[in-house]
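Spelled out from the first residue to the last, the chains are:
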Amino acid sequence: MRLLFSLSHLILFQLLCWSLSNGCPQNCTCSPDGYNFCINRKLDNIPQGLPSNTKKLYLFQNNINTLQQQGFVQLGELRLLDLSQNVLSEIPDRVFSSLSSLHNLDLSSNRITHIYKDSFTGLVNLERLYLYNNIIQSIHPAAFEGLENLLELKLQGNQISVLPALALPKLLLLDLSHNTIPPPGPDDLQTPHLESLKIAGLRLSSLDEGLLKSLANLHVLDVSQNQLVGIQSTLKAMTGLQRLNLAGNPLGSLSKEDFENLSNLVELDLSNLNLQGFPEGFFTIFPKLETLAVAENPFNCICPLALFPAWVMDSKVQLLRMEETRCHFPPINSGKVLAKLEHKDFGCPTMTIELTSARTRTTNKPSNPTTQSSTTHAIPPPPQSEVHSTELDSHPPFQTTPLPTNFKEEVLMCPPNICLNGGTCMFDSNGKMICLCPPHTSGPYCESQNEAQPPPASPRISIETIATVQPKTISSHHVTSTSITLDLHRYIESRPHIRGIRLTYKNLSGPDRRPMQLNVPAFYHEYTLRGLQPNSTYSVCASPLGEPTHASIAACMETHTAESRTYHEPTVDKTEPSSPLIPIMVAVAVVIIAAVVATVLIIHCRKKSKAAVDLHLHETSPLELEGVKASLENGVTHTKQPDITNCPHLVLNGLDYEAPLIQGQCPSNNNVGGMKPSYM
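Residues numbered from 1 in each chain as written. Predicted model: local features only at pLDDT ≥ 70, side-chain atom pairs only at ≥ 80, totals over all residues. Heavy atoms only, no water.

1. Some points on the overall build of the protein chain
When its secondary structure is counted, the protein chain shows 9 helices and 37 strands. When the 680 residues of the protein chain are sorted by exposure, 44% land in the buried category. By sequence separation, contacts in the protein chain at least 24 residues apart represent 52% of the contacts at least 6 residues apart. (Helix = DSSP H or I, 4+ residues; strand = E, 2+ residues; numbered from the N terminus. Buried < 20%, exposed > 50% of the residue type's maximum accessible area, 1.4 Å probe, protein only. Contact = heavy atoms within 4.5 Å.)

See the structure below:
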């Protein structure tokens, strides 16, 4: 750190010496490359005596209140002029007429009230004009005539009530946010190549259909903080949009159909829309989404929203303002961060079992049931001799809660162990429980084992039921000793509107055949069951989540885990090396150490000599030593670092241009294939 501090002072001293010897004003810092800085010097006017080779002049954070044409006469090579954060109240006519080479002009954060007809006369090569955060009330209709090469125009944060027609054929970015202008139409914006339009905070209740149709090249649209109550048909059809900001509009709810054509979105802001949840499968229509904001919404964190945290994690989407994305309902989740909740926190239905001497009942019980179903169904128990007491007395592998004795609600769901010897329980189309038995078993509950003869067909199984099961098969394609990877593609394709999948699996080879259950989202086409026993046969069934079992018969399969193998560590020959090799190895080690030491010394000497040369030649930005600029764009204070690096020139329609004023790096292109500035 001490060396770096000394180096910085040395470079600053060299720049000051060069400035004094080349006529640089006293309150400025000048560099040989023509980058001159007069920042935060309490200047009242443009400093006199600037070098004639000045290319970039930074004058922000001063007290400059007036401009005079003679102050720029000697600066014919000037390409960038930053006069932001001063106290200018007007722009005199033709004050910039001598700056025909100027590309970037920043007049933001001043006190300008009016833009006159000849305020920008002579700026024939101007590409970026920043006038935001002033108090502009009127703009002459001809103020922007002659600015045919303009690429960016920022007028946000003013008091403009009437917008003149903008006939700017090359304009790519336009920001009109937070003014009092009426809704712009296609005649107001004659900008056929516009890529970014920001019209936030204009109190718009609708968007002009003709305007949206005329902007066929639009990639960025910001309509936040308006009064939109719905998504208009023209906006739905803008398939080229990549960034869309709808925050702060009273939409209230979203429809999946409104966004089906916006599959190219990379950024989406849905903050403060009074949303309580999302339509089913809403985020599956955005395959390219990278950043998402859904903050300041009163989310109802119940079961339909349970898949959202998992989707955020699996899709690698960056959730902006995560700490401001919280639940409002129900009271148990109120105030909690939505993305940090687990699936169990959403109160999804859990399996509840009640075992009595007369019957076995199973139900899907919500966390807070408010209604009761009048449908009841009694399931006859299996023969008591076949049901082991240890299986009934032990706790099942899922959460259980005893039901009240007077509770009558029952949903058709198979209780554990009702089908024996590996049989699979399900319901037919009439709601009657049946057992699908393996080939070596038979009986109503698969209680009889007879390997010599084929089992008789169970009277509870119909051909129609079996035919229903076959098309919705599941399979396994990767089986190890402790895991089974399930292929659910065909099952999901057969039910395109399925909410999720309930997987039930049990070990048919061990003494404990109690089923294990878990819920899988519908977009998981593959799922791996882990923690299984080796060399065992497992029965796996898939059924639709959240639907009565009799509505769709489950798909089942059997598979066998591999045998576990014991690996032995390879033996290592620990025999001592023969005595004649020891002196040779020691000599080789000494030679290697000597070579390394010599190499380090040579490199060190070269670095010292090179550092001296670099110290003499290196040029550091005076901005790093002189001060920073607090930009007030969009109401956020941040450090402004002028671009003092020699950026390679880019070409647009035969004209080269440089990066925007507020960026401290070379311009990048967000549209591959076209050399355009990075302004998104």
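There's plenty left to go through after this.
2. Describing the sheet that holds strand β33 (residues 555-560)
Taken in spatial order, the 4 strands line up as β30-β29-β32-β33 in an open sheet, and their pairing is antiparallel. The sheet is open, and its two borders are formed by β30 (516-521) and β33, each paired with just one other strand. Averaged over all pairs of adjacent strands, the angle between strand axes in this sheet comes to 25°, irrespective of strand direction. Note: strand β29 (residues 500-507) against β30, 6 bridges, orientation antiparallel. Residue Arg-502 lies in a different strand from β30, and its bridge partner there is Asn-519. (Pairing = 2+ DSSP bridges. Axes fitted to C-alpha atoms, helices over the stretch in contact; angles between N-to-C directions.)

3. As for unusual backbone geometry
Of note, the bond from Phe-329 into Pro-330 is cis; its omega dihedral lies within 30 degrees of zero at -15°. Assignment of secondary structure puts Pro-330 in the loop between β20 (327-329) and β21 (350-355). Despite not being glycine, His-178 has its phi angle at roughly 55°, a positive value. With respect to the secondary-structure elements, His-178 resides in the loop between β11 (173-175) and β12 (189-190). Classification of His-178 as partly exposed rests on a relative accessible area of 45%.

4. What about the nonpolar core?
By size, the foremost hydrophobic cluster in this structure holds 99 residues, and its most contacted members are Leu-81, Phe-120 and Phe-308. For this core, the secondary structure elements donating two or more residues are α2 (209-214) and α4 (307-315). By residue number, the principal contributor to this core is α4, which donates 3 residues. (Core = buried A, V, L, I, M, F, W, Y, C linked by side-chain atoms within 4.5 Å.)

5. What to know about the pattern of salt bridges
Under the criterion given, the structure shown has 10 salt bridges. Glu-324 is the partner of Arg-321 in a salt bridge, and the nearest nitrogen-oxygen pair spans 2.7 Å. For Glu-324, a relative accessible area of 41% gives the class partly exposed. Here Glu-323 and Lys-340 are joined by a salt bridge, their closest N and O atoms 3.0 Å apart. Residue Glu-323 is located in the loop between β19 (318-320) and β20, and its partner Lys-340 is located in the loop between β20 and β21; the two are separated by 17 residues in the primary sequence. Members of the salt-bridge network, linked through shared partners, are Glu-127, Arg-128 and Glu-152. (Salt bridge = Lys/Arg side-chain N within 4 Å of Asp/Glu carboxyl O.)

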